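An overview of the molecular structure
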Amino acid sequence: MNIQLAIQHGTNILTDKRINTAKLDAEILMAKTLKKDRKFIILNNNKDLEDKNLKYFNKLIKERASYKPIAHLINKKFFWNNEFFVNKNTLIPRPDTEIIVEQVLKLTKHKNMMNILDIGVGSGCILLSILKERKNFYGTGIDISKNALDICKINAKRLKVDGRTKFYKSDIDKFMEGNYDLIISNPPYIKSCELKYLESNVIKFEPKLALDGGVDGLSEIRKVIKKSSELIKKNGKFVLEIGFNQKNKVVKLLKEKGFYINCTLKDLAFNDRCIVSTKI
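Here's what I pulled together on the structure shown here. Quantities reported herein were computed from a predicted structural model and do not represent experimental measurements.

What follows deals with the overall build of the protein chain. Looking only at helices and strands, the protein chain features eleven helices and nine strands. A compact globule built from 280 residues would reach a C-alpha radius of gyration of about 19 Å, and the protein chain, at 21 Å, matches this within 12%. Referenced to the eigenvectors of the C-alpha coordinate spread, the extents of the protein chain come out at roughly 65 × 40 × 30 Å. A buried classification covers 50% of the 280 residues belonging to the protein chain. Expressed as a percentage of contacts within the protein chain between residues at least 6 apart in sequence, the contacts between residues at least 24 apart total 67%. On the protein chain, roughly 14,600 Å² of surface is accessible, and the fraction owed to carbon and sulfur atoms is 51%.

The next subject is the nonpolar core. The biggest cluster of nonpolar side chains holds 29 residues, and the ones touching the most others in it are Leu128, Ile130, Ile184 and Val239. Breaking this core down by element, the ones donating at least two residues are helix H6 (98-107), helix H7 (125-133), helix H8 (146-158), strand S6 (180-185) and strand S9 (272-279). When near neighbours in sequence (up to four residues on either side) are disregarded, isoleucine 130 contacts Val101, Val104, Ile116, Phe137 and Ile184. By size, the runner-up hydrophobic cluster in this structure holds 28 residues, among which are Ile190, Leu240, Val250 and Leu254.

Enumeration according to the criterion identifies three aromatic pairs in this entry. The residue whose ring lies beneath lysine 36 is phenylalanine 40, and the NZ or CZ to ring-centre distance is 5.0 Å. Here the basic side chain of lysine 279 rests over the ring of phenylalanine 259, its NZ or CZ set 5.9 Å away from the ring centre.

On the secondary structure map, asparagine 179 appears in the loop between strand S5 (165-169) and S6. On the accessibility criterion, asparagine 179 (42% relative accessible area) is partly exposed. In this structure, the C-alpha to C-alpha distance between asparagine 179 and valine 101, residues 78 residues apart in sequence, is 21 Å. Leave out the neighbours within four places in its chain, and asparagine 179 touches Asn115, Leu231, Ile232 and Lys233.

Rules used in this analysis
- Residues numbered from 1 in each chain as written.
- Predicted model: local features only at pLDDT ≥ 70, side-chain atom pairs only at ≥ 80, totals over all residues.
- Heavy atoms only, no water.
- Helix = DSSP H or I, 4+ residues; strand = E, 2+ residues; numbered from the N terminus.
- Rg over C-alpha atoms; globule rule 2.2 N^0.38 Å.
- Buried < 20%, exposed > 50% of the residue type's maximum accessible area, 1.4 Å probe, protein only.
- Contact = heavy atoms within 4.5 Å.
- Areas by Shrake-Rupley, 256 points an atom, 1.4 Å probe, with all protein chains shown as cover.
- Core = buried A, V, L, I, M, F, W, Y, C linked by side-chain atoms within 4.5 Å.
- Phe/Tyr/Trp six-rings, centres within 6.5 Å; stacked < 30°, edge-to-face > 60°.
- Lys NZ or Arg CZ within 6 Å of the ring centre and 35° of its normal.

Given below as structure tokens:
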């Protein structure tokens, strides 16, 4: 069988599973199979496949048909300006979260030697993207998951910012280290009872720990806000990702802990997604 026929067969299987990106996914998985880029796959689609490659490709298609995320199958996800290593132990970076990076870079345009804390650092996509752009900033990442921190360390080395990072395995409640100019966080904020309604590729394959925000979706956000109010310097900025319907409640929590609300930012679907505040 040649590349084109195998991709068409894979596309048909994924289409039957109502995967919207069926053809693209099949091409990406073929590229992984042959350790080539998509351009090679498209330009050489009449090339015959070896049996071992066809077998491996079909295995990947079968896994994708079970709704396993493409990012987990190829162990990478592009975010901001960089490629991040990911696996089942971290949340897959989302385009909507790039809003935090964009906003921080605007806020710090004329700043030097800033000390940043990322609460729930995960793959490191937010913190490391900022450090890559701001050569004299220093970053600390904390996460309750050792496996997530291992991924984050790999990404820090790949992006060559590991000399400006520190990572700690800790629940935010117990973290006491440092005094920060800027704190960022994308905490779990989905109500426990709503997890079952998430798409199959999310709830079956991404870490529940990074999604579950408790009964009202705010349990982790409360902890993050409380601790941030203690760890941040006066006039320090706090940039927090939130659920689309949490703005009013989170604004109230921030104000109660001495934060002034600078602005709320919307995501690509025009939902409230990020709150920027200042410690007063």
